[in-house]
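# Coordinate inspection notes
As a plain string of letters, each chain reads:
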Amino acid sequence: MKRRSFVTKTALGSLATVVGADIVFGNHLPKGYTPLGLDTVDPYKAFGKHPDMKVLNDRPWNIESQAHLLDDKVTPNASIFIRNNGVMPEDIDVGSWTITFDGESVKQSKTYSLQDLKSKFTQYTYQATLECGGNGRIEFDPPAKGNQWGLGAVYCAEWTGVRLRDVLEDVGIKDDAVYIGYHAADTHLSGDPKKEPISRGCPMSKALQDETLLAFKMNGEDIPLAHGHPVRLIAGGWPASVSGKWITGISVRNKVHDGTKMTGSAYRVPCKPVAPGTEVTDENMCIIESMPVKSLITYPKTGGRLAKGKPLHIRGHAWAGEYEVVKMEYSIDFGASWTECTLSKPANRLAWQHFEATVNFPAEGYYEVWARATDSNGKKQPMLVPGWNPKGYLNNACHRIAIKVKA
Amino acid sequence: MENPLQSLLQKLYGLLLGFFAILIAAGALLVYVATSPDPFGMNTPEVVIAETETEEVVDPDLIENGVHVASGLVEGEGLMTVVQNCTSCHSGKLVSQNRMNREAWKHTIEWMQETQGLWDLGNNEVIILDYLSEYYAPVHHGRRQNLTDVAWYDLE
């Protein structure tokens, strides 16, 4: 890792942060947090991340995990990817934080303090698989624009909070409600206070699900700053950008929400399939909803050398957006034959499932272990990179690891 | 994960709590530290680093092994125009991660101008597009690549 800094105005602030901070932005707020300057802070220390995490971009922070770091059944903060679209909020005052519900389709707008939400509504805990819509973007050809995510923009943590549905019922929603859109406390990279870095949402049917939460806790602790402290919308199984961080408002809309990154080509794919490299007009791009079926081999790490005759124990996770994974298989002959793995039920709807298998290799040599999940609609993961799309979303191609069997 | 500058500054910080302003010169490094009027450190102290030749603070023009160290962008005609126009909102890493042909780079710039507050680039647009389409052109790798860069290790 480079630990050199470019001497600019912002570097000054950031050195101050380095000075003042042996702070893990985990559970409490860092005292001397200077967002502009974070580019010279050690992100591993600052965000409490595992040293094998990969920084794709340091302004805004985009940090990805790797398959072998995601082995836990419930992902710990250290292995959770960060996708920021703007500058993280600073000086968060939990005591005065509010969330305002407004929009065309609320009966009247209403503001709640965090304390109101916590005390007025029943709290629930669910695991949720959150995957960036662009996870796997790096494999598209021709290349697709944006952060070049490999495998690691996915995780399954446990969230505790109140049901969005309960709060919406308390606010009072008109019959013409179609969509919700969130607003948040992060700020635009250009510094323009009128611009929102991201303001996405989901149809009412998703907003009203039991598992859709306004969460205060991740894995039983206050949500870390980089993951949305003090309150995050959780909508598992959909592109993780629907699960807005640092929520300050929810607009209930009488039309599809038109906030930043809802329109154009953001988090959209061609409504009808296109040849690689095709230019697609905005009207022909459709919003991504449920993420596709996918899986990861999280043990062993790719590159293992195994003694001949020894069985290899593999394990990992599989998920299928709104649906369930019903079958998990592996192949060591590039898909010529597949063998079924043991697969667990999800802890709750929208949580990833765990699989394991014992693999025997017929002879010494180079192998790849490929994993393939099938969802409850009968859809399987493709072995090749699926349908090209301008922004490189929804690559659910099979994960594989390299193994050598030694003589 | 410590580095000498960071640990030095941390020590200084400890010494400086409670003071309003202190000027320190240490070796080639000149550090001005002015803490906030709040002696209990509730606000961030300001630290000003003057020009130095240390390893940690990089000359904004430094090129090493064909790479502009401060931005991570490759050396080439038009580099500094790109650095000046393309690394103020986001880091150069968002530029260097991407590979596009000239037309797609132009569309990306237009998208940032329409939606993200990027300014009119005037005559610099041609310089920037020349640079980007030369050094950050698409690389084709087909529908699935071999597994590369595998770090081999012994199991058990």
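The name recorded for chain B in an unreviewed UniProt entry is Monoheme cytochrome C, from Sediminicola luteus.

For chain A, an unreviewed UniProt entry supplies the name Molybdopterin containing oxidoreductase and the organism Sediminicola luteus. Note on chain A: under the UniProt heading Cofactor (unreviewed entry), the record states "Mo-molybdopterin".

As a further point, take the overall build of chain A. The helix and strand tally for chain A stands at 5 helices and 25 strands. At 22 Å, chain A has a C-alpha radius of gyration in line with the 22 Å of a compact globule built from 407 residues. Within chain A, the proportion of its 407 residues that are buried is 58%. Within chain A, counting contacts between residues at least 6 apart in sequence, those at least 24 apart form 70% of the total. Within the structure as shown, chain A displays about 15100 Å² of accessible surface, and the carbon and sulfur contribution to it stands at 51%.

What follows concerns the domain arrangement of chain A. Residue and element names in this part refer to chain A. Looking at chain A, the domain boundaries give domain 1 (94-287) and domain 2 (294-406). Computed from C-alpha coordinates alone, the two centres of domain 1 and domain 2 are separated by 29 Å. Contact residues are listed per partner, giving 40 residues for domain 1 and 24 residues for domain 2. Summed over both partners, the interface of domain 1 with domain 2 buries about 2700 Å², with 59% contributed by carbon and sulfur atoms. Sorting the residues of domain 1 by area buried against domain 2 places Q127, E139 and F140 first, and these three jointly supply 21% of that buried surface. Between K294 and E131 there is a salt bridge, with its nearest N and O atoms 2.9 Å apart. The interface formed by domain 1 and domain 2 includes 17 residue pairs in polar contact (both at pLDDT 80 or more). Listed by contribution, the elements that provide at least two residues to the side of domain 1 that touches domain 2 are β7 (123-131), β8 (154-163) and β15 (268-270). The element that contributes the greatest number of residues to the side of domain 1 that touches domain 2 is β7, accounting for 5 residues. Residues that form the side of domain 1 that touches domain 2 fall into these classes: 19 nonpolar, 13 polar and 8 charged.

Residues and elements named next belong to chain A. In this structure the tally under the stated criterion is 26 salt bridges over all chains. Between D210 and R165 there is a salt bridge, with its nearest N and O atoms 2.8 Å apart. Of this pair, D210 sits in the loop between α5 (204-207) and β11 (213-218) while R165 is found in helix α4 (residues 164-171), placing the two residues 45 residues apart along the sequence. With a relative accessible area of 32%, D210 lands in the partly exposed category. As a salt-bridge pair, R400 and E368 come within 3.9 Å of each other at their nearest N and O atoms. Of this pair, R400 sits in strand β25 (residues 399-406) while E368 sits in strand β24 (residues 365-375); the two residues are 32 residues apart in sequence, bridging distant segments of the chain. Like E368, R400 is buried.

Time to look at the pairing of β24(A). Residue and element names in this part refer to chain A. Of all 11 residues in β24, 9 are buried, a share of seventy percent or more. As paired elements, strand β20 (residues 325-331) and β24 share 6 bridges and run antiparallel to each other. Considered in β24, the bridge of V325 is made with D375. Where β24 lies against β25, 7 bridges are found, and the strand directions are antiparallel.

Residue and element names in this part refer to chain A. Mapped onto the secondary structure, S65 falls in the loop between β3 (61-64) and β4 (82-83). Residue classification places S65 among the buried residues on the basis of a relative accessible area of 1%. Only 2.9 Å separates the side chain of S65 from the backbone oxygen of S79, close enough to count as a polar contact. Apart from residues no more than four positions distant in its own chain, S65 is found in contact with M53, L70, S79, F81 and G152.

In this section: empty space enclosed by the protein. Picture a little ball the size of a water molecule; that probe, rolled over the atoms, points out where space is still empty. All names here are of chain A. Following the criterion strictly, the structure yields 3 cavities of 30 Å³ or more and no others. Computed from the structure, the largest cavity encloses a volume of approximately 230 Å³. In terms of lining, the largest cavity is formed by 20 residues, of which the most central are R83, R232, A240, S241 and K245. If you list the elements that add at least two residues to the lining of the largest cavity, you get β4 and β9 (179-184).

Cut-offs used in this document
Residues numbered from 1 in each chain as written. Chains lettered and ligands numbered in written order. Predicted model: local features only at pLDDT ≥ 70, side-chain atom pairs only at ≥ 80, totals over all residues. Heavy atoms only, no water. UniProt positions renumbered as here; feature names shortened; annotations may be inferred. Helix = DSSP H or I, 4+ residues; strand = E, 2+ residues; numbered from the N terminus. Rg over C-alpha atoms; globule rule 2.2 N^0.38 Å. Buried < 20%, exposed > 50% of the residue type's maximum accessible area, 1.4 Å probe, protein only. Contact = heavy atoms within 4.5 Å. Areas by Shrake-Rupley, 256 points an atom, 1.4 Å probe, with all protein chains shown as cover. Domains from an automatic or database assignment. Buried area = accessible area lost by both parts, 1.4 Å probe. Salt bridge = Lys/Arg side-chain N within 4 Å of Asp/Glu carboxyl O. Polar contact = N/O pair within 3.5 Å; in protein donor to acceptor, adjacent residues only side chain to side chain. Nonpolar A, V, L, I, M, F, W, Y, C, P; charged D, E, K, R; others polar. Pairing = 2+ DSSP bridges. 1 Å grid on protein atoms, 1.4 Å probe; cavity = no way out; pocket = protein on both sides within 12 Å on 5 of 7 lines; lining within 4 Å. Points joined across faces, edges and corners; volume = space filled by probe spheres on them.

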